[in-house]
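Listed here are the chains, written in short residue letters.
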Amino acid sequence: MRRKPTIRDVAAEAGVSRGTVSRVINGGRWVSPEAQTAVEEAIRRTGYTTNHHARSLATGRANSLAFLLTEPQHLLFADPTFALLLRGAAEALSHRSMTLVLLVAGTPTERANVAHFVSAGHVDGVLLISSHESDPLLVDLLASGIPTVCCGIPLGHEDEVSTVSVDEIESARMMTRYLRNHGHRRIAMIAGPHDTPGGRFRLVGFRDEMGEDFVADLVEEGDYSQESGAAAMARLLERTTDIDAVFAASDLMAAGAIATLRKAGLRVPEDIAVSGFDDSGLAANQEPPLTTIRQPWDRISEEMVDLLLDVIAGAPQRSVTLPTTLIVRETA
């Protein structure tokens, strides 16, 4: 029978040291692009496969990361942003021969189970995809010393954990500025939950850019879902009829707002302009297509994985802030 290829065989084929091969297999950090390519091609030519069980025994690591969503389970499928982040993280780990474990903790029982699972060493670290200011799970993760990277700035724990986020405040200012530059003055906002970073900081950016034109009664709060956007728009219309634009803190809430406006006999954008936030795929397929803020989903996932692997390796805490892009379509 043909002998199973080893790291020594891959190193000889690639013309590099066994240490370089090992570093490529374990994530590719501190390896030149040329060596990375040579090792990956040598792995394909030799047919080498990693013995994950043996490596876990030798290193004491699970060779897997958790994708942890602290929201109700149905939102994993209802909100396309979570699917984009999940796909990006899975792709980033597949290149490193690592496993992604999906965990959902939307109830107290689920949070307790997740805390027990990760503290038992079944994963090497946690990609925390959503965080609420009052949620005790992040406190438990930090107290247990579990390497964690947050998507977005976790309110109340900004200096305690590594993060990957977009500039929420400036992004909201950019959209508000765009609406104002197109002649809109009575601009309403459907903000996200105030105990989430997106809900809080996007409202800050909107308020700052509106300046003296900011009207507190033109702000309603939703939970990022389409249903909450529709309900928030209905509440706004009950209070006033002179709104000329709406900025929703998510594309789903913007879609809900458009549905409510149509029921009220109002046209978008002829009567009221509408804009969203995310550009998760829904915006381009909305009728009419939605003007929105695009988050760099692939980069967010990739940066989170890279940052978490660095934290696991002992690197100091750090945070990454990524730019967004204004995407102009037909609704505004």
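Our subject is the structure that appears above.
Criteria and cut-off values
Each chain has its residues counted from 1, running along the sequence as written. Predicted model: local features are reported for residues with pLDDT of at least 70 only, side-chain atom pairs are reported and counted for 80 or more only, and whole-chain, interface and lining totals are derived from all residues. Computation of side-chain values: all heavy atoms of the structure, hydrogens and water removed. Secondary structure is summarised from DSSP: a helix means a run of H or I of at least four residues, a strand means a run of E of at least two, and numbering begins at the N terminus for each. The cut-offs for exposure are 20% and 50% of the maximum accessible area for each residue type, with area from a 1.4 Å probe on protein chains only; residues under the lower value are buried, those over the upper are exposed, and the others partly exposed. Contact definition: two residues touch when any of their heavy atoms are within 4.5 Å. In short, Shrake-Rupley with a 1.4 Å probe defines the accessible areas, and a residue's cover is counted only from the protein chains shown. We count Lys and Arg on the positive side and Asp and Glu on the negative side, and we leave His and both chain ends out. Where a charge lies is defined by one atom per residue type, namely NZ (Lys), CZ (Arg), CG (Asp) and CD (Glu). Using only the protein atoms, space was sampled on a 1 Å grid; points where a 1.4 Å probe fits but cannot get out form cavities, open sets with protein on both sides within 12 Å along at least five of seven lines form pockets, and lining residues are those with an atom within 4 Å of a point. Grid points are joined across faces, edges and corners, and a volume is the space filled by probe spheres set on the points. Polar here means any residue other than Ala, Val, Leu, Ile, Met, Phe, Trp, Tyr, Cys and Pro, which are nonpolar, and Asp, Glu, Lys and Arg, which are charged; Gly is therefore polar. We treat two strands as partners when DSSP finds at least two bridges between them. Pairing of aromatic rings covers Phe, Tyr and Trp, the last counted by its six-membered ring, and requires centre-to-centre distances within 6.5 Å; plane angles under 30 degrees mean stacked, over 60 mean edge-to-face, and any other angle means tilted. Here a polar contact is taken to be a pair of N or O atoms separated by no more than 3.5 Å, where protein atoms must pair a possible hydrogen donor with a possible acceptor and residues adjacent in sequence count only if both atoms sit in side chains.

## Thoughts on the overall build of the protein chain
Part 1: The helix and strand tally for the protein chain stands at 14 helices and 12 strands.
Part 2: Oriented by its inertia axes, the alpha-carbon framework of the protein chain measures out at about 80 × 40 × 35 Å.
Part 3: Counting across all 332 residues of the protein chain, residues that qualify as buried make up 52%.
Part 4: Counting contacts in the protein chain only where the partners sit at least 6 residues apart, residues at least 24 apart contribute 70% of the total.
Part 5: As displayed, the protein chain offers around 15300 Å² of accessible surface, 51% of which is attributable to carbon and sulfur atoms.
Part 6: Separation of charge centres in the protein chain, based on 31 positive and 44 negative side chains, amounts to 8 Å.

## Some words on the environment of Ala78
Part 1: Tracing the backbone shows Ala78 in helix H5 (residues 74-78).
Part 2: Residues Ala78 and Glu160, spaced 82 residues apart in sequence, show a C-alpha to C-alpha distance of 31 Å.

## Section: the layout of surface pockets
Rolled over the atoms, a probe as big as a water molecule pinpoints where empty space is left.
Part 1: Of the pockets and cavities examined, the largest pocket occupies roughly 570 Å³.
Part 2: Forming the walls of the largest pocket are 35 residues, and the residues nearest its centre are Asp79, Thr81, Phe82, Arg202 and Tyr224.
Part 3: Counting only elements with at least two residues in the lining of the largest pocket, the list comes to H5, helix H6 (80-94), strand E5 (162-166), helix H10 (197-210), helix H11 (226-239) and helix H14 (297-312).
Part 4: Here the residues of the lining of the largest pocket sort into 15 nonpolar, 13 polar and seven charged.

## Some thoughts on the pairing of strand E4 (residues 148-151)
Part 1: Here E4 shows a buried face lined by Thr148 and Cys150 and a second buried face lined by Val149 and Cys151.
Part 2: Of the pairings in the sheet, the one linking strand E3 (residues 125-128) to E4 comprises three bridges and is parallel in character. Bridge assignment links Leu127 to a residue of E4, and that residue is Val149.
Part 3: The pairing of E4 with E5 spans three bridges and is classified as parallel. Across the sheet, residue Cys151 finds its bridge partner in E5, namely Val164.

## What about the packing of aromatic side chains?
Part 1: Under the criterion given, the structure shown has two aromatic pairs.
Part 2: Ring centres 6.1 Å apart and planes at 70 degrees place the aromatic pair Phe206 and Phe214 in the edge-to-face group.
Part 3: A relative accessible area of 1% means that Phe206 is categorised as buried.
Part 4: Using a relative accessible area of 24% as the deciding quantity, one classes Phe214 as partly exposed.
Part 5: Taking the centre distance of 6.4 Å and the plane angle of 55 degrees together, the rings of Phe206 and Phe247 count as tilted. Residue Phe206 is found in helix H10, and its partner Phe247 is found in strand E8 (residues 245-248); the two are separated by 41 residues along the sequence.
Part 6: Take Phe247: its relative accessible area is 0%, and that puts it in the buried class.
Part 7: A network of ring pairs unites the aromatic residues Phe206, Phe214 and Phe247 as a single cluster.

## Digging into the side chain of Asp279
Part 1: Assignment of secondary structure puts Asp279 in the loop between strand E9 (273-275) and helix H13 (282-285).
Part 2: For Asp279, a relative accessible area of 10% corresponds to the buried category.
Part 3: A polar contact is formed between the side chain of Asp279 and the side chain of Arg329, at a distance of 3.1 Å.
Part 4: If near-sequence neighbours (up to four positions away) are discounted, Asp279 is found in contact with Asp251, Thr292, Ile293, Arg294, Trp297, Ile327 and Arg329.

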